[in-house]
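Descriptive analysis of the structure
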Amino acid sequence: MGILPRIANRVAVGGLMLATVASAAAQQPDGANRFLRQYCLDCHAGQDAAGNLDLTRLPAELEEEDVEPTWVRIYDRVQAGEMPPAEVEPPPPVAREDFLRSTESRLVAHQRHRDAQLGRVRGRRLTNLQLERSLHDLLGIDIPLRDQMSAEARTAGFTTVADGQAMSHFQLEQHVTVVDAALDEAFRRVASGPDEWERLLPAGKLVRRRARSRTREPELIDGHAVTWSSRLIYYGRLPSTTARQSGWYRFTVKARALKPPPDRGVWCTVRSGKCVSSAPLLGWVGAFEAQPELREVTFEAWLNAGDMLEIRPGDATLKMARFQGGQVGTGEGGPQNVPGVAIESIRMARFHRHAADRHVQRLLFAELPVHRGQQPNVLALESSDPRDDAERLVGDFATRAFRRPVAPSVAAPFVALAHRSLDHGTDLASALRVAYRAILCSPRFLYFYEQPGRLDDHAIATRLSYLLWNRPPDRELLELADAGRLDEPTAIRGQVERLLQHRHGREFVVDLAAQWLDLSLIDFTEPDRKLYPGFDAIVQQSMLDETHRYLQTMLDNDLGVELLIDSDFTFLNSRLARYYRIGSVQGDAVQKVRLEADDHRGGLITHGSILKVTANGTTTSPVIRGVWLSERLLGVEIPPPPANVPAIEPDIRGAKSIREMLAKHQADTSCASCHVKIDPPGFALENYDPSGRWRDRYFAAGRGRNRRGLPIDASFEMSDGRPFENLDEFRRLVLEDRSQLARNLAEKLLTYGTGAPIRFSDRRHVAEIVETAAATNYGLRSLLHAVTVSPIFLSK
């Protein structure tokens, strides 16, 4: 039976189906309506409509929430040749192009009309990270604030997206609490005077107080504080490093290795916490590889009052000492012939990371003299005209907080608060604090101030600064905005270069990767150490260092997007190289390493950090990794699975392979359209276990120590039918179209930087960005420059 007779049968059975489609598509041009009637209705009508897409119930009007995305999906499926399906007679090219052209025109016109009234981005506010750094810059403080904020939702992969940024009464109350904490710290810094100090802790101060006691502090051996390799928790804690006040501390450690393995040093961890069973969690401070020769290493860490350091051998592959009763007696570790670390001294210094006290004072009170009271944290300002000084200082603070010049009418309510406080007998410093608090709780501070259409110079300055630094624009950006000189591409390019070269610019790839690549979730799971021995905290941190350094190198040298998929180098230290089974790497510094074919590494997709965040710690799933790789790097959007399809759980017994279990999904027509895209990248990475190591076989329970399970088969075929046998062939096929990778990365940068996901009407501008960057082989820096001068980035 042909297409038209089948349609006629459906109309006969379903009454007015055809008329319904014609009515629903009334806003569609005649050619597009004809296309839907002739080529789509046969499969997409009634309660049994394919893919749950019933065209008889789909309005042509685009105002309803779910209608526009459905039309976009129809457009994409027709453009990709997926609709009508292959087994059906294809439409003539002219009809297909006419449908695509008319549908595109209608969607673009609708979205741009809405943007002209409301803008692409609506109600975007500062993220937790941006709020913390904004308060740091405004007040000159350095205390952690994000730990007082609730977790943020991520929309389209990012916390910066306005559509996912709720603001409840609870969050408003939380914001006020954070603002109060920031102001308290700034005023304390001015009122209390200098609180920085330094002291030397020789080995005798680091060890246990009573040599004969059994405890978890180091023991004194030959003038050094010694801790042996062991799995005993808190062994190596150093009570003499306990912080009396919360703050930033710098520790310079002089140490050497004892009894190191013959081919390497002793990798040690430095962590902080209470180091008692009632507070079991320890924070990461750093790691170093102790050598037989004495060396000096420096670490900086925030310590809460009562926290101390724990320094110990932390390499999980070292031989471990055993101690009875959960404590260590003097002389018990040495005879066991295990590696250890010997500390000669630690220089401990309290310092401030952001600004000196004098700078904090200028940020709050400008040039007004400050007199500290006899009581702690009490200060008085010397002013001949408190009302005039209050008006001036509040106006200046509002200008900095709101990231643009402030009209007198905007500043007036805050000035009135300060004046009212003065009228009630409050001192000037306290009156200013009341006004500053109100400013920092104002929507003009918390939200981005942008008007529909092209951004003004101050909004451009703000977008650039929060994209690259996640903090407010600095003086140079604001001065350019004040002069109206930020609306030219050359000026924007110059500022992007300056911001990237600044010390804050090194935070860009770290902040971006935390969300784009889910690296902020790397602690979410931990590989089973019985199944995947050798994994430890040092390996995990080294994996993060590898990825951050790799991305920074791509940015610094404008390297092409193909490095996301394949490369002949990476960045390793000796511990991670050994974990990857790559030799000839010495030292604890992350360094560039050339890769060989049998290293099974190359490209971001083979980084341990990526492989770990895409696994659950026990097993791997081609579905999870396939969806992640498709959406984060390949630019293939995967819709959520149908509600009635159960998830696939790998058979941990090893009796069945994941490939055998996925075959059922591939055979189901409701699943196959997505799995044809998901499965290829997922299977291509199946040789990597949940801890990021290469493997040739799955583990199988109950088969002895080696647990040799089924062999891994990484072969599959791409969604267009091109086959591959292994990861190398998969990478080659992906890199045949590098523009797709560039388009995806440009979209991620735009979503992250503007606060709105890419919509249908943005696609032309994204294509222009990609075309511009093609001249540099789609270099990361070139893409970033093209993004920041694009109409999408420069419009609300």
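Residues numbered from 1 in each chain as written. Predicted model: local features only at pLDDT ≥ 70, side-chain atom pairs only at ≥ 80, totals over all residues. Heavy atoms only, no water.

Turning our eyes to something else, we now look at the overall build of the chain. The helix and strand inventory of the chain stands at 27 helices and 18 strands. Here the C-alpha atoms of the chain give a radius of gyration of 31 Å, agreeing with the 28 Å that 2.2 N^0.38 yields for 796 residues. For the chain, with 796 residues in total, the buried portion stands at 54%. Sequence separation of 24 or more characterises 72% of the internal contacts of the chain that already satisfy a separation of 6 or more. Carbon and sulfur atoms make up 51% of the accessible area of the chain, which totals about 35800 Å². The average position of the 102 basic charges and that of the 104 acidic charges among the side chains of the chain differ by 6 Å. (Helix = DSSP H or I, 4+ residues; strand = E, 2+ residues; numbered from the N terminus. Rg over C-alpha atoms; globule rule 2.2 N^0.38 Å. Buried < 20%, exposed > 50% of the residue type's maximum accessible area, 1.4 Å probe, protein only. Contact = heavy atoms within 4.5 Å. Areas by Shrake-Rupley, 256 points an atom, 1.4 Å probe, with all protein chains shown as cover. Lys, Arg positive; Asp, Glu negative; His and termini not counted. Charge placed at Lys NZ, Arg CZ, Asp CG, Glu CD.)

Bringing helix H21 (residues 622-634) into the picture now. Taking 1.5 Å of rise per residue, the 13 residues of H21 would be expected to cover 18 Å, yet its terminal C-alpha atoms sit only 15 Å apart, more than 12% below that figure. The element H21 is largely enclosed, with a buried count of 10 among its 13 residues. (Expected span 1.5 Å × (residues − 1).)

Moving on, we get to helix H18 (residues 537-556). For H18, which comprises 20 residues, the first-to-last C-alpha distance of 28 Å matches the rise-based estimate of 28 Å (1.5 Å per residue) to within 8%. Most of H18 is tucked away: 15 of the 20 residues are buried. The N-cap of H18, judged by a side-chain oxygen 3.0 Å from the amide nitrogen of isoleucine 538 a few residues on, is aspartate 536. One or two residues past the end of H18 sits aspartate 558, with phi positive at roughly 55°. (Polar contact = N/O pair within 3.5 Å; in protein donor to acceptor, adjacent residues only side chain to side chain.)

The next point concerns the environment of valine 276. Checked against the element boundaries, valine 276 lands in the loop between strand E6 (266-273) and strand E7 (283-290). With relative accessibility at 33%, the residue valine 276 sits in the partly exposed group. Distance from valine 276 to isoleucine 233, taken between C-alpha atoms, is 9.1 Å for residues 43 residues apart in sequence.

Once that is clear, we can look at a negative patch on the surface. A grouping of Glu61, Glu63, Glu64, Glu65 and Asp66 is seen on the molecular surface, where their side chains present a negatively charged patch. Tracing the chain through its elements places glutamate 63 in the loop between helix H3 (30-39) and helix H4 (67-79). By relative accessible area, glutamate 63 is classed as exposed at 60%. (Patch = residues over 30% accessible without salt bridge, like charges linked within 9 Å, V, L, I, M, F, W, Y side chains within 5 Å. Salt bridge = Lys/Arg side-chain N within 4 Å of Asp/Glu carboxyl O.)

Bringing the environment of glutamine 740 into the picture now. With respect to the helices and strands, glutamine 740 occurs in helix H25 (residues 738-754). Residue classification places glutamine 740 among the partly exposed positions, given a relative accessible area of 25%. A sequence separation of 179 residues divides glutamine 740 from valine 561, and the C-alpha atoms of the two residues are 9.6 Å apart. The residues touching glutamine 740, leaving out its near neighbours within four places in the chain, are Leu634, Gly635 and Val636. Within the local environment of glutamine 740, its side chain forms a polar contact with the backbone oxygen of glycine 635, the two atoms lying 3.1 Å apart.

Reading across the sheet, the 4 strands line up as E4-E9-E6-E7 and stay open at both edges, with antiparallel pairing between neighbours. Of all the strands in the sheet, just strand E4 (237-238) and E7 have a single pairing partner and so form its edges. For E6 and E7, the ladder comprises 7 bridges, and the chain directions are antiparallel. By the bridge assignment, tryptophan 267 is partnered in E7 with glutamate 289. Relative to the sheet, H18 contacts E6 and E7, its axis offset from that of E7 by approximately 95°. (Pairing = 2+ DSSP bridges. Axes fitted to C-alpha atoms, helices over the stretch in contact; angles between N-to-C directions.)

Moving on: the pattern of salt bridges. Per the counting criterion, the structure on display carries 56 salt bridges. With its nearest N and O atoms 3.0 Å apart, the salt bridge here joins glutamate 97 to arginine 96. The partner of arginine 731 in a salt bridge is aspartate 566, with the nearest N and O atoms 3.6 Å apart. You can see arginine 731 sitting in helix H24 (residues 727-734) and its partner aspartate 566 sitting in the loop between H18 and strand E13 (569-572), a full 165 residues away along the chain.

Relative to each other, H21 and H25 sit at 80°, their axes nearing to 8 Å. It follows that H21 is roughly perpendicular to H25 by the angle criterion. Of the residues in H25, those in contact with Glu631, Arg632, Leu633 and Leu634 of H21 are Gln740, Leu741, Asn744 and Lys748. Residue composition of the contact of H21 with H25, by class: 3 nonpolar, 2 polar and 3 charged. (Parallel < 35°, antiparallel > 145°, perpendicular 65-115°, else oblique. Nonpolar A, V, L, I, M, F, W, Y, C, P; charged D, E, K, R; others polar.)

Let us look at the side chain of glutamate 562. By the element assignment, glutamate 562 lies in the loop between H18 and E13. Side-chain polar atoms of glutamate 562 contact the side chain of asparagine 777, separated by 3.3 Å. Not counting residues up to four positions away in its chain, the partners in contact with glutamate 562 are Leu735, Arg738 and Asn777.

Structurally, the position occupied by leucine 727 is in helix H24. In this structure leucine 727 comes out as buried when scored by relative accessible area, which is 5%. Through-space distance from the C-alpha of leucine 727 to that of threonine 606 is 9.8 Å; in sequence the pair is 121 residues apart. For leucine 727, the residues in contact, after removing those within four places along its chain, are Ile605, Thr606, Ala684, Leu685 and Tyr688.

Below, the discussion takes up the confidence of the model for the chain. Taken over all residues, the pLDDT of the chain has a mean of 91, while the share at 70 or more is 91%. Between residues 1-26, whose pLDDT stays under 50, and residues either more than four places distant or in other chains, the model counts 33 contacts. Below a pLDDT of 50 lies the segment residues 651-655, which in the model reaches 9 contacts outside its immediate sequence neighbourhood of four places, other chains included. (pLDDT = per-residue confidence, 0-100.)

Our focus in this paragraph is the packing of aromatic side chains. Across all of its chains, the model carries 19 aromatic pairs by this definition. Pairwise contacts between aromatic rings join Phe35, Tyr39 and Phe99 into one cluster. Above the face of the phenylalanine 448 ring, arginine 403 is positioned so that its terminal group lies 5.9 Å from the ring centre. Cation over ring: arginine 693 sits above tyrosine 579, and NZ or CZ is 4.0 Å from the ring centre. (Phe/Tyr/Trp six-rings, centres within 6.5 Å; stacked < 30°, edge-to-face > 60°. Lys NZ or Arg CZ within 6 Å of the ring centre and 35° of its normal.)

Here we come to the nonpolar core. Within soluble globular proteins, side chains that are nonpolar tend to cluster in buried spots. Leu468, Phe508, Trp516, Leu517, Leu633, Phe730 and Leu784 are the most contacted members of the largest nonpolar core, which has 79 residues in total. Element by element, the count of residues in this core is highest for H25, at 7 residues. Excluding residues within four positions of it along the chain, phenylalanine 730 makes contact with Leu629, Leu634, Pro680, Pro681, Ala684, Met718 and Phe724. Core analysis: the second largest hydrophobic core is formed by 54 residues, Met149, Val178, Phe402 and Leu428 among them. (Core = buried A, V, L, I, M, F, W, Y, C linked by side-chain atoms within 4.5 Å.)

Across the interface, H18 lies against helix H27 (residues 780-788) with an axial gap of 6 Å and an inter-helix angle of 70°. Taken together, the axes of H18 and H27 are roughly perpendicular relative to one another. Between H18 and H27, the contacting residues are Leu551, Met554, Leu555 and Asp556 on the first element and Leu780, Arg781 and Leu784 on the second. For the contact of H18 with H27, the per-class residue count stands at 5 nonpolar, no polar and 2 charged.

To continue, consider unusual backbone geometry. In the segment running from methionine 83 into proline 84, the intervening peptide bond is cis, with an omega of -10°. The residue proline 84 is located in the loop between H4 and helix H5 (93-118) in this model. Although it is not a glycine, alanine 156 sits at a positive phi angle of roughly 55°. Alanine 156 gets classed as partly exposed once you look at its relative accessible area, which sits at 43%. With a phi close to 60°, aspartate 518 is a non-glycine residue in the positive phi region.

With that settled, consider the pairing of strand E5 (residues 247-258). Counting buried positions along E5 yields 9 of 12 residues, so the element is predominantly enclosed. Judged from the 9 bridges that link them, E5 and strand E8 (residues 295-303) form a sheet pairing that is antiparallel. When the bridges of E8 are listed, tyrosine 249 appears paired with alanine 301.

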